[in-house]
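Chain by chain, the residues run as shown.
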Amino acid sequence: MLRCLGLGTEQRIPDANTFWDLCELLTRTETIKPLLVEFDLPLEEQGLAARQGQIVDATLVEAPGQRNHREQNTAIKAGEVPAR
């Protein structure tokens with residue numbers, strides 16, 4: 001986002017509320033649609049299109065530990081009661 005706006009990390013960066021307020025203003029004044037058309041034109045010229053997307057959270061979490069050992073799993077699959 002910083003690169004898109006031409007901002008560097010050494011500059012004061014607007015917070016989320018500032019962007020939200022700008023979006024609300026552009027929507028209320030009906031100026032957002034012409035801006036989006038201008039945004040889409042260079043993409044369309046290259047055969048691309050902006051589509052709705054989804055952000056995937058890449059948080060790492062610890063997976064639960066395996067409760068059974070291999071021998072126990074083999075016994076369960078064979079219909080036996082595994083030894084503890």
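Because the structure is a prediction, the values reported are computed rather than measured.

Let us now look at the overall build of the protein. For the protein, the count of helices and strands is four helices and zero strands. When the helices and strands of the protein are read in sequence order from the N terminus, they spell out α-α-α-α. Every one of the 84 residues in the protein was classed for burial, and the buried ones make up 5%. Here the protein displays about 8,700 Å² of accessible surface, and carbon together with sulfur accounts for 56% of that area.

Position of L7 relative to the elements: it lies in the loop between α1 (2–5) and α2 (16–28). With a relative accessible area of 25%, L7 lands in the partly exposed category. Residue contacts for L7: discarding those within four places in its chain leaves L2 and P14.

To continue, consider the confidence of the model for the protein. When pLDDT is averaged along the protein, the result is 81; 88% of the residues meet or exceed 70. When pLDDT is averaged over each helix and strand of the protein, the minimum, 72, is found for α1 and the maximum, 90, for α2.

Look at E30: it is not a glycine, yet its phi comes out positive at around 55°. Take E30: it is sitting in the loop between α2 and α3 (32–45).

This paragraph deals with α2. Here α2 contains 13 residues, and its C-alpha end-to-end distance of 18 Å stays within 8% of the 18 Å for a straight helix at 1.5 Å per residue. After α2 finishes, the residue E30 shows a positive phi value of roughly 55°.

Definitions and limits used
- Residues numbered from 1 in each chain as written.
- Predicted model: local features only at pLDDT ≥ 70, side-chain atom pairs only at ≥ 80, totals over all residues.
- Heavy atoms only, no water.
- Helix = DSSP H or I, 4+ residues; strand = E, 2+ residues; numbered from the N terminus.
- Buried < 20%, exposed > 50% of the residue type's maximum accessible area, 1.4 Å probe, protein only.
- Areas by Shrake-Rupley, 256 points an atom, 1.4 Å probe, with all protein chains shown as cover.
- Contact = heavy atoms within 4.5 Å.
- pLDDT = per-residue confidence, 0-100.
- Expected span 1.5 Å × (residues − 1).

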